[in-house]
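One-letter residues, chain by chain:
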Amino acid sequence: MPGFELFGDLERKELNDVLENGVLMRYGFDGMRNGHWKAKELESAIESRFDIKHAQLTSSGTTALNVALAVMGIGAGDEVIMPTFTFVASFESILAAGAIPVLVEIDDTLTLDPTAVEKAITPKTKAVMPVHMCGSMADLDALKDICDRHDLYLLEDACQAFGATYKGKKVGTIGDAGTFSFDFVKTITCGEGGVMMTNNDDFAVWADQYTDHGHDHIGSDRGAETHPILGYNFRISELHAAVGLGQIKRMDEFIAIQRRNHSILKGALSEIPELSFRRVPDPEGDSCGFLNFFMPTAELASKVVQAFKDRGIDSFWNYYENNWHYVRRWDHLKNAKSLFPISEEVRSRIEGIKDQKFPQSDDLISRNISCLIKLSWEEQQVRDLGKKMTEAIRSVL
Ligand SMILES: *Cc1c(COP(=O)(O)O)cnc(C)c1O
């Protein structure tokens, strides 16, 4: 991560095709576009690279989640199980559907703890949403087994694990639906954009319609199209899709760079016996967008944060102190700060999160340091960084 570090001629060429023809919208204007359908091309590229039947581009990773929940028929009163450690988009998309986000503990994979998921299931549960945080994956076999046994949908938020695999399959294509984000800081970027992927033919048809006001997309006269279902506007523009098309051609190169840099940094930090790494259910499939490690105590982790800062190292996070990714600081959720009225049921459930305790997640997140793996780093730069980080960590032990 992130793809913007390596913009180049490919992205410029794709974008120029769009600008030269002037059709910035993905639908219609067939006569003007001289055969350029960037959004369609990007969807086909994702389908073939990820070995998935259907890819539906959206305006963001967040709206890709909205679309996935909608095609699963998830709405008022339904419960969706999600982790305590994720991006705020997880509960935003669930709340936008009128459903209830049910937060459960993570384990040392830094994603959903299958045991906690199983305990949280009620007759209202409709889906389990693992979030493959920081480049690696949840224990998908265990989660899929739970979903199969309880007849629940598995919705993979793979926004941070672009290109990761699990037992030979691409992460994001294993559940009933999966999503990627192409926002500015993700491995592949469109500037803004996202995709929902599925092998379910019905989901694909509904997603195609739902993302464009319910249009059936039959024929070439937009005005004559019918609306089989109610929809919304979650479209991506041709400009954004064009950038993504340039970027996705470099996907293998990006992942290879991430893996090289990750391996160098991990090699350096492995020399410190007090430190342990996050568990990766399929280590060979790690997309290596981040390197996550744990210190033995939260106190030592805080000291490492300070020691890194003192040495000018800034490509890392401790999510315990972060407003975006961990339940501890999600006050707007816990205080139900909604602009519009939400149901009493949803309100009382999200306000109830204030009283919930997540000791396992607190322990893991407070001891965790998450290092960003940059694409622009040269080998020697990563070696130097590894040395600097190792010295910083040793200085607090
Ligand atoms: C980035 C991200 C999203 C949302 O993507 P946007 O394109 O920014 O809306 C959702 N989930 C996770 C885990 C993310 O990292």
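Coordinates for the structure precede this section.
Summarised in this report is the structure supplied together with it. (Residues numbered from 1 in each chain as written. Predicted model: local features only at pLDDT ≥ 70, side-chain atom pairs only at ≥ 80, totals over all residues. Heavy atoms only, no water.)

## Here we look at the sheet that holds strand β4 (residues 125-128)
The strands making up a sheet associate through backbone hydrogen bonding, with each pair oriented either parallel or antiparallel.
Logical step 1: Spatially, β1-β9-β8-β5-β4-β2-β3 is the arrangement adopted by the seven strands of the open sheet, whose pairing is mixed. Unpaired on one side and paired on the other, β1 (54-58) and β3 (100-104) mark the two borders of the sheet. Going across the sheet, the axis of each strand differs from the next one's by a mean of 25°, ignoring polarity.
Logical step 2: Relative to strand β9 (residues 194-198), β1 runs antiparallel, the two sharing five bridges. Pairing of Ala 55 across the sheet is with Met 197, part of β9.
Logical step 3: The strands that helix α2 (residues 38-50) touches are β1, β8 (177-181) and β9; relative to β1, the one it contacts most, it runs at about 135°. (Pairing = 2+ DSSP bridges. Helix = DSSP H or I, 4+ residues; strand = E, 2+ residues; numbered from the N terminus. Axes fitted to C-alpha atoms, helices over the stretch in contact; angles between N-to-C directions. Contact = heavy atoms within 4.5 Å.)

## Description of unusual backbone geometry
Logical step 1: Phi is positive for Cys 134, close to 55°, though the residue is something other than glycine.
Logical step 2: Take Cys 134: it is sitting in the loop between β4 and α6 (140-150).
Logical step 3: Residue classification places Cys 134 among the buried positions, given a relative accessible area of 0%.
Logical step 4: Its identity as a non-glycine residue notwithstanding, His 217 has a phi of 55°, on the positive side.
Logical step 5: By secondary structure assignment, the location of His 217 is in the loop between α7 (201-210) and α8 (238-248). (Buried < 20%, exposed > 50% of the residue type's maximum accessible area, 1.4 Å probe, protein only.)

## Section: the packing of helix α9 (residues 251-269) against helix α14 (residues 379-396)
Logical step 1: Between α9 and α14, the shortest axis-to-axis distance is 9 Å and the interhelical angle comes to 30°. The orientation of α9 with respect to α14, classified from their angle, is roughly parallel. Judged by the twist between their axes, the crossing of α9 over α14 is right-handed. In this structure, α9 uses Arg 260, Asn 261, Ile 264, Leu 265, Ala 268 and Leu 269 to contact α14, whose residues at the interface are Glu 379, Val 382, Arg 383, Leu 385, Gly 386, Met 389, Thr 390 and Ile 393.
Logical step 2: Across the contact of α9 with α14, the residue classes break down as eight nonpolar, three polar and three charged. (Parallel < 35°, antiparallel > 145°, perpendicular 65-115°, else oblique. Left-handed = near helix turned anticlockwise from the far one by under 90°. Nonpolar A, V, L, I, M, F, W, Y, C, P; charged D, E, K, R; others polar.)

## Regarding α9
Logical step 1: The end-to-end C-alpha distance of α9 is 27 Å, a good match for the 27 Å that 19 residues give at a rise of 1.5 Å each.
Logical step 2: Here α9 has its buried residues at Met 251, Phe 254, Ile 255, Ile 257, Gln 258, Asn 261, His 262, Ile 264, Leu 265, Ala 268 and Leu 269. (Expected span 1.5 Å × (residues − 1).)

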